[in-house]
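Fold and geometry: a report
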Amino acid sequence: MSVPFPFTAVVGQDDLRLALLLNAVSPAVGGVLVRGEKGTAKSTAVRALAALLPEVEVVAGCRFSCDPAKPDPTCPDGPHEPAFETRPARMVELPVGASEDRLVGALDIERALSEGVKAFEPGLLADAHRGILYVDEVNLLHDHLVDLLLDAAAMGASYVEREGVSVRHAARFLLVGTMNPEEGELRPQLLDRFGLTVEVAASREPDQRVEVVRRRLAYDDDPAAFTARWADQEADVRQRVVAARELLPSVVLGDGVLRQIAATCAAFEVDGMRADIVMARTATALAAWAGRTEVLAEDVRQAALLALPHRRRRNPFDAPGLDEDKLDETLEEFAEPPRVPEDPQDPEDPHNPRDEDPDPDGPGGGGQPPSSEPDGPQGGDGAARPEHGEGVPAQAPAAGEQSAVRAAEPFRTKVLSVPGLGEGAAGRRSRARTEHGRTTGARRPRGTLTKLHLAATVRAAAPHQRTRGRSGPGLVVRRDDLRQATREGREGNLVLFVVDASGSMAARQRMSAVKGAVLSLLLDAYQRRDKVGLVTFRGSAAEVALPPTSSVDAAATRLESLPTGGRTPLAAGLLKAHDVLRVERLRDPARRPLVVVVTDGRATGGPEPVALAERAARLFAAEGTASVVVDCESGHVRLGLAGRLAGELGGTAVTLDELRADSIAGLVRDVRGTQKPQGTQRTQGTQKAPRRAA
């Protein structure tokens, strides 16, 4: 077994270490979500935390780690013998590709039907009970698994119910998730379920980066020797966690502090009451960590910085963060009057602030974790992480270009879906065969049976009862009789935007409306769990502004800074999009694409630009790629070029007005990717009714 990197040897990342330690002191805080760029010691710090947790006493032989002092009466392994044993707290990792059965456990339906045995195999939630459950790349985990995970964390128990058989067991654990925002965001509802959130970034200070490299190389050369050098610091922090846990029940949360917490949550317009509760628990844990029995204003401030930023995001385009000036003003406004001693200058007065412990790690010191750098650089990473997309320096518009214009306000769009039945990743856009959804039929199981179709199983077994010697009530069922239920739900798609940024689209009001429409579609893609990509074309070529990604806020950032001007190389844009789809099919063949072309349909530049564009469009039609053209043509006289392009693509055309969900043009429009629709060509501002969903 490999020796984990010592927690106290992690350089910088003070907020991350503090948030983890506060949850170790009080698991009721609700876990930590760690957001940040790759290579910032997120996973290293989480794995190192397990070594700092106190050992736990468990009932001997219990697969669910029951506490011998308070055994769970519903434990599947109960009733328990009075024997117990001591073991280290576990850290259990949940892989991104884990199944529901692997997470919550599985009932062996085959044995239940064929042998009459009620057998339950515990999942990762049972393994993590009274320890740490770590989910790396939690934003890539399927939504239904995240829901199950967070429900168990909130209730402290896991429920498994299948085919009329139910099992319940305790599942109380410290939940830690890590994610890279560039790979996609969590839904706001799921963000709210994490108690604390920490943003991490690599230090920009050369001395601190040198220290990181030095320690990592020393650890890789001899993990045991490196860990031994930090044994004393690890023991000190471990003892401090134990002491803080013992002190926690004695910490007093006064009415004045509660008013500050409530006022802060109200001032930042946080939805619901979970934020207030988490802030109260965090402030209490901070006081215990600092060795105090009274919660102070600085505890409330630190708790707000950890508990509120992720709860203020309403959509993926909102920047995370908290206005610290506003926070300080709110805390000051609702602060209790300070206690004034009779002689403030009396050095013997116990309330004289000069007598406070100056040690930042001691009582009253703000509750920061002990420094992990006795001689090296101190403090955090020392550099603010730029928002996504800010790392690209702004360039002045070239000749013939216009500077980028702001997008209009987004709106709710119609549902654009891919026809047919897919088998891609779970989402909310197009019909697909999924593990969850309505039952549509049955088939023989491929591997382990997970969702039994009882009626089909009975039908398969019934004709063989006489030959199997059944002599009384009941049904003789064998392995070959079992049938797996097939279910239909929704999948996420790859929505590839192909945006015309040429001079014909460059009118400021018009381009603002176009960007607003694309932004609206991006928001819809976020809500429906799609991957998105962005191809733009103008001047003499097309470029991939954003390769397919789950980060729709990255697409929104690229869209916002998009300049316009020049000719309209429509064919180049379509061919570039075709190349992107070809590569993406190799990477993710199960995810079906939806191409959204945003253009007025004009094509200029090069010989026969219109014919070239039509030939490029036919490539999509030949492959059956679902597509839609958002017609941006304006004015009284219209050429109908976008409708003509839609016909060549084998898709359909909608105007900017028709794209709105509240438009009278209809509620749902299926994108036809297999045959050319009739009547898509538009002339003089009129258009025949497009084919609608059945």
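To start, this report covers the structure provided alongside it. (Residues numbered from 1 in each chain as written. Predicted model: local features only at pLDDT ≥ 70, side-chain atom pairs only at ≥ 80, totals over all residues. Heavy atoms only, no water.)

Section: the overall build of the protein
- Scanning the protein from N- to C-terminus turns up 20 helices and 24 strands.
- Look at the contacts in the protein between residues 6 or more apart in sequence, and 78% of them connect residues 24 or more apart.
- In the structure as shown, the protein presents an accessible area of about 32,900 Å², 51% of it carried by carbon and sulfur atoms. (Helix = DSSP H or I, 4+ residues; strand = E, 2+ residues; numbered from the N terminus. Contact = heavy atoms within 4.5 Å. Areas by Shrake-Rupley, 256 points an atom, 1.4 Å probe, with all protein chains shown as cover.)

Quick word on the sheet that holds strand β18 (residues 531–538)
- The sheet built from six strands is open, its strands ordered β19-β18-β17-β21-β22-β23 with mixed pairing. Two strands bound the open sheet, and with one partner strand each, they are β19 (541–549) and β23 (652–655). The average undirected angle you get between the axes of adjacent strands in this sheet is 20°.
- As defined by bridge partners, β18 adjoins β19 across six bridges and the pair is classed as antiparallel. The residue bridging arginine 538 from the neighbouring strand is alanine 541, located in β19.
- Across the face of the sheet, helix α18 (residues 570–587) comes into contact with β17 (494–500), β18, β19 and β21 (593–599) while running at roughly 30° to β19. (Pairing = 2+ DSSP bridges. Axes fitted to C-alpha atoms, helices over the stretch in contact; angles between N-to-C directions.)

Here's the deal with the nonpolar core
- Membership of the largest hydrophobic core comes to 57 residues, with the highest contact counts inside it found for Leu20, Leu21, Leu49, Val176, Met279, Trp289 and Leu308.
- A total of ten residues in this core trace back to one element, the largest contributor, which is helix α12 (residues 274–289).
- Setting aside chain neighbours within four positions, we find methionine 279 in contact with Ile261, Thr264, Cys265, Val300, Ala303, Ala304, Ala307 and Leu308. (Core = buried A, V, L, I, M, F, W, Y, C linked by side-chain atoms within 4.5 Å. Buried < 20%, exposed > 50% of the residue type's maximum accessible area, 1.4 Å probe, protein only.)

Considering a negative patch on the surface
- A cluster of acidic residues, Asp323, Asp325, Glu329, Glu332 and Glu333, forms a negative patch at the surface.
- On the secondary structure map, aspartate 325 appears in helix α14 (residues 324–333). (Patch = residues over 30% accessible without salt bridge, like charges linked within 9 Å, V, L, I, M, F, W, Y side chains within 5 Å. Salt bridge = Lys/Arg side-chain N within 4 Å of Asp/Glu carboxyl O. Lys, Arg positive; Asp, Glu negative; His and termini not counted. Charge placed at Lys NZ, Arg CZ, Asp CG, Glu CD.)

Overview of α14
- Among the residues of α14, Leu327, Thr330 and Leu331 are the ones counted as buried. Angular distribution of buried residues about the axis of α14 spans 95°; they occupy a single face of the element. Opposite the buried face of α14, at more than 90 degrees from it, the exposed residues are Asp325, Glu329, Glu332 and Glu333.
- The backbone nitrogen of aspartate 325 lies 3.1 Å from a side-chain oxygen of the residue at the head of α14, namely aspartate 323. (Arc of directions from axis to C-beta. Polar contact = N/O pair within 3.5 Å; in protein donor to acceptor, adjacent residues only side chain to side chain.)

Concerning the sheet that holds strand β14 (residues 426–434)
- Read from one edge of the open sheet, three strands run β14-β16-β15, paired in antiparallel fashion. Edge strands, defined here as strands with exactly one partner in the open sheet, are β14 and β15 (438–443). Strand-to-strand, the axes of this sheet are offset by a mean angle of 30°, without reference to chain direction.
- Two elements, β15 and strand β16 (residues 484–491), share five bridges in a ladder whose sense is antiparallel.

Considering the pattern of salt bridges
- Per the counting criterion, the structure on display carries 31 salt bridges.
- Residue arginine 431 pairs with glutamate 488 through a salt bridge whose shortest N-O separation is 2.8 Å. Taken together, the residues span a long stretch of sequence, with arginine 431 in strand β14 and glutamate 488 in strand β16 at a distance of 57 residues.
- Residue glutamate 623 is joined to arginine 585 by a salt bridge in which the shortest nitrogen-to-oxygen separation is 3.4 Å. Note that glutamate 623 is positioned in helix α19 (residues 609–623) and arginine 585 in helix α18, a separation of 38 residues in sequence.
- Among the charged side chains, a network of salt bridges with common partners joins Arg429, Asp524, Arg528 and Asp530.

Section: the packing of helix α11 (residues 255–267) against α14
- At a closest axis distance of 9 Å, the pairing of α11 and α14 adopts a crossing angle of 140°. Considering their axes alone, α11 and α14 lie oblique with respect to each other. As for how α11 packs across α14, the hand of that crossing is right-handed. Listed contacts from α14 to Gln260, Ala263, Thr264 and Ala267 of α11 are Lys326, Leu327, Thr330 and Leu331.
- Among the residues making up the contact of α11 with α14, the classes are represented as four nonpolar, three polar and one charged. (Parallel < 35°, antiparallel > 145°, perpendicular 65-115°, else oblique. Left-handed = near helix turned anticlockwise from the far one by under 90°. Nonpolar A, V, L, I, M, F, W, Y, C, P; charged D, E, K, R; others polar.)

Observations concerning the packing of aromatic side chains
- Here the structure, examined in full by the defined rule, presents four aromatic pairs.
- Ring geometry for phenylalanine 5 against phenylalanine 226: centres 5.3 Å apart, planes inclined by 35°, an arrangement best described as tilted. Taken together, the residues phenylalanine 5 in the segment before α1 (14–25) and phenylalanine 226 in helix α9 (residues 223–229) connect sequence positions 221 residues apart. For the pair shown, phenylalanine 5 and phenylalanine 226 are each scored as buried.
- Pairing tyrosine 219 with phenylalanine 226 gives two aromatic rings, centres 6.0 Å apart and planes at 75°, and the pair type is edge-to-face.
- Residue class for tyrosine 219 comes out buried when judged on its relative accessible area of 10%.
- According to the relative accessible area criterion, phenylalanine 226 is buried, its value standing at 3%.
- Among the aromatic residues, ring-to-ring pairing joins Phe5, Tyr219, Phe226 and Trp230 into one connected group.
- Lysine 326 extends its terminal NZ or CZ atom over the ring of phenylalanine 268, reaching a point 5.0 Å from the ring centre.
- The lysine or arginine in question, arginine 660, covers the ring of phenylalanine 411, its NZ or CZ lying 4.1 Å from the ring centre. (Phe/Tyr/Trp six-rings, centres within 6.5 Å; stacked < 30°, edge-to-face > 60°. Lys NZ or Arg CZ within 6 Å of the ring centre and 35° of its normal.)

With respect to the pairing of strand β11 (residues 196–200)
- Judged by how many residues are buried, β11 sits mostly within the fold: four of five residues are covered.
- Two elements, strand β1 (residues 32–36) and β11, share five bridges in a ladder whose sense is parallel. Bridging across to β11, leucine 33 finds its partner in threonine 197.

Digging into the pairing of β21
- Taken across its seven residues, β21 has seven buried, putting it largely inside the fold.
- Burial along β21 is two-sided: the face carrying Pro593, Val595, Val597 and Thr599 and the face carrying Leu594, Val596 and Val598 are both buried.
- Pairing analysis gives six bridges linking β17 to β21, with the strands arranged parallel. By the bridge assignment for β21, valine 498 is matched with valine 597.
- A crossover links β21 with its parallel partner strand β22 (residues 626–631), the connecting element being α19, and its sense is right-handed. (Right-handed = clockwise from strand over helix to strand, strands pointing away.)

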